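Residue-level structure breakdown
Below are the chains, spelled out letter by letter.
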Amino acid sequence: MLLLLAVFPLPVICAFVAAHLLSRRVTRAVGVVRSCAEKANHAANLESLDLAPVDLGFSEFDDLFHEVRLLTQTLQRSARALQLQVGTLESLVISSEAVRDWRAETARMLQGMRALTPIQALGVLFVGPSRDPELIVFWTGAPGATTRDGLTEFLLGECRDGVLLGETPQPVVAHQVLSPGTQLSELSGDALRAATAFKVHRAAGVGGIAAVALLTDGSNPGATAALRGVLPSLLNLIGALRAIDSYARQVEYHATRDALTDLCNQKMFWELLDYDV
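Rules behind the numbers
- Residues numbered from 1 in each chain as written.
- Predicted model: local features only at pLDDT ≥ 70, side-chain atom pairs only at ≥ 80, totals over all residues.
- Heavy atoms only, no water.
- Pairing = 2+ DSSP bridges.
- Helix = DSSP H or I, 4+ residues; strand = E, 2+ residues; numbered from the N terminus.
- Axes fitted to C-alpha atoms, helices over the stretch in contact; angles between N-to-C directions.
- Contact = heavy atoms within 4.5 Å.
- Phe/Tyr/Trp six-rings, centres within 6.5 Å; stacked < 30°, edge-to-face > 60°.
- Buried < 20%, exposed > 50% of the residue type's maximum accessible area, 1.4 Å probe, protein only.
- Lys NZ or Arg CZ within 6 Å of the ring centre and 35° of its normal.
- pLDDT = per-residue confidence, 0-100.
- Parallel < 35°, antiparallel > 145°, perpendicular 65-115°, else oblique.
- Nonpolar A, V, L, I, M, F, W, Y, C, P; charged D, E, K, R; others polar.
- Arc of directions from axis to C-beta.
- Polar contact = N/O pair within 3.5 Å; in protein donor to acceptor, adjacent residues only side chain to side chain.
- Core = buried A, V, L, I, M, F, W, Y, C linked by side-chain atoms within 4.5 Å.
- Salt bridge = Lys/Arg side-chain N within 4 Å of Asp/Glu carboxyl O.

Quick look at the sheet that holds strand β2 (residues 131-139)
Strands in a sheet are paired, the pairing made by backbone hydrogen bonds, and the direction either parallel or antiparallel. Spatial strand order, β3-β2-β1-β5-β4: 5 strands in an open sheet with mixed pairing. Edge positions in the open sheet fall to β3 (172-177) and β4 (196-200), since each of these has one partner strand only. If you compare each strand with its neighbour and ignore which way they point, the axes differ by 10° on average. In the sheet, β2 pairs with β3 via 6 bridges, with the strands oriented parallel. Bridge pairing links Glu134 to Val172 in β3. Contacts from helix α7 (residues 221-228) reach β1 (119-128), β4 and β5 (209-216) within the one sheet, and its direction differs from that of β4 by about 15°.

A closer look at the packing of aromatic side chains
All chains considered together, the criterion is met by 3 aromatic pairs. Aromatic pair Phe154 and Phe198: ring centres 6.3 Å apart, planes at 65°, arrangement edge-to-face. A residue pair is termed long-range when its members are at least 10 positions apart, and Phe154 in helix α5 (residues 145-161) and Phe198 in strand β4 qualify at 44 residues. Since its relative accessible area comes to 14%, Phe154 is described here as buried. Put simply, the rings of Trp102, Phe126 and Phe138 pair up and form one aromatic cluster. The residue whose ring lies beneath Arg242 is Phe126, and the NZ or CZ to ring-centre distance is 4.0 Å.

Looking at the confidence of the model for the chain
Per-residue pLDDT for the chain has a mean of 77; in total, 72% of the residues score no lower than 70. Across the chain, β3 holds the top mean pLDDT of 91, while helix α1 (residues 2-7) sits lowest at 54.

Focus on the packing of helix α4 (residues 102-114) against helix α8 (residues 231-255)
Relative orientation of the contacting elements α4 and α8 amounts to 155°, with a least axis distance of 9 Å. One element, α4, and the other, α8, form an angle in the roughly antiparallel class. When α4 is examined against α8, the residues Trp102, Glu105, Thr106, Met109 and Met113 are found in contact with a partner set consisting of Leu234, Leu237, Ile238, Leu241, Arg242 and Asp245. Here the contact of α4 with α8 is built from residues that sort into 7 nonpolar, 1 polar and 3 charged.

Here's the deal with α7
Each turn of an α-helix holds 3.6 residues, which means side chains three or four residues apart point in the same direction. Buried within α7 are the following residues: Ala223, Thr224, Ala226 and Leu227. Viewed along the axis of α7, the buried residues span an arc of 165°, placing them on a single side of the element. The N-cap residue of α7 is Asn220: its side-chain oxygen and the backbone nitrogen of Gly222 are 3.1 Å apart.

A few points about the side chain of Thr140
Inspection of the secondary structure assignment puts Thr140 in the loop between β2 and α5. Exposure remark for Thr140: the relative accessible area of 2% places this residue in the buried category. Polar side-chain contacts of Thr140 include one of 3.4 Å to the side chain of Arg114. Excluding anything up to four places from it in sequence, Thr140 contacts Leu110, Arg114, Ile119, Gln120, Leu178, Ser179 and Leu184.

Description of the environment of Tyr247
Note on placement: Tyr247 falls in helix α8. Along the backbone, Tyr247 and Gly207 are 40 residues apart, and their C-alpha atoms lie at a distance of 9.8 Å.

Considering the side chain of Thr216
On the secondary structure map, Thr216 appears in strand β5. We classify Thr216 as buried; its relative accessible area is 2%. Among the polar contacts listed, one links the side chain of Thr216 to the backbone nitrogen of Gly218, at a separation of 3.3 Å. Engagement of the side chain of Thr216 in a polar contact is seen with the side chain of Thr224, the distance being 3.0 Å.

What to know about the nonpolar core
In this structure, Leu122, Val124, Val212, Leu214, Leu234 and Ile238 are the most contacted members of the largest nonpolar core, which totals 26 residues. Secondary-structure elements contributing two or more residues to this core are α4, β1, β2, β5, α7 and α8. Of all the elements, α8 adds the most residues to this core, at 6 residues. Residues Ala121, Val137, Leu184 and Ala211 belong to the second largest nonpolar core, which totals 19 residues.

A word on the pattern of salt bridges
In total, this model carries 5 salt bridges according to the counting rule given. For the salt bridge of Glu134 with Arg103, the shortest nitrogen-to-oxygen distance reads 3.4 Å. Placement of the pair is Glu134 in strand β2 and Arg103 in helix α4, with a sequence separation of 31 residues. A relative accessible area of 17% places Glu134 in the buried class. Its relative accessible area of 26% is what places Arg103 among the partly exposed residues.

What follows is the structure, given as structure tokens:
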């Protein structure tokens, strides 16, 4: 009897210790998962999350933590894409020089976008009833022949598929390199198409603009996808820049010409005289 009384507490004590240890492991596992989920609720903490695999001691919790890690990675990619879109839109600000030269203003905006993500080129297509189609490609550096010809062919092909260049003459193609001393990486084929964000209108918009494209270096597919979201704004802005430039030139022309003879008027005469003197 005394032996039974002495042995009886041992199973209870062992059960209590086992339950305590199990409770601690469960509490730790739940705490790790909860901490990760709470941090994911704050966008500012997404980049600081520790996504390294953790052994929580339970296969069920390990699977749950793995799903939380995947969800967090998706949120991180979405946050980066949103930050890129916001930064790109913030760089699309027209300066006072816009009325002087729309090409220079477009080049300035392209350089601003390149500071956010490695953009290699900006392509713009203009169409209109009174002029031949015109494709202008701004390059942030010196492109290789393969990339230059591949992007040109791709853009013209997409525009033909979009019924913009059905029976029109072959577009005039112009390339403008902003930094000739910088060599761009080569892209071709599927890699070039995957790295290109493209937006086309069914009809020409303001300024005669019909399509716009951004070519990245292909290192970040998420950046290419994010840039597609800003293409409508970019298309309208570049079209407005060209329209402003065109209207400014028309105003300047009519302000310095005689309406009857189309010769330089007195105002232009005195300006030229002051310049020569």
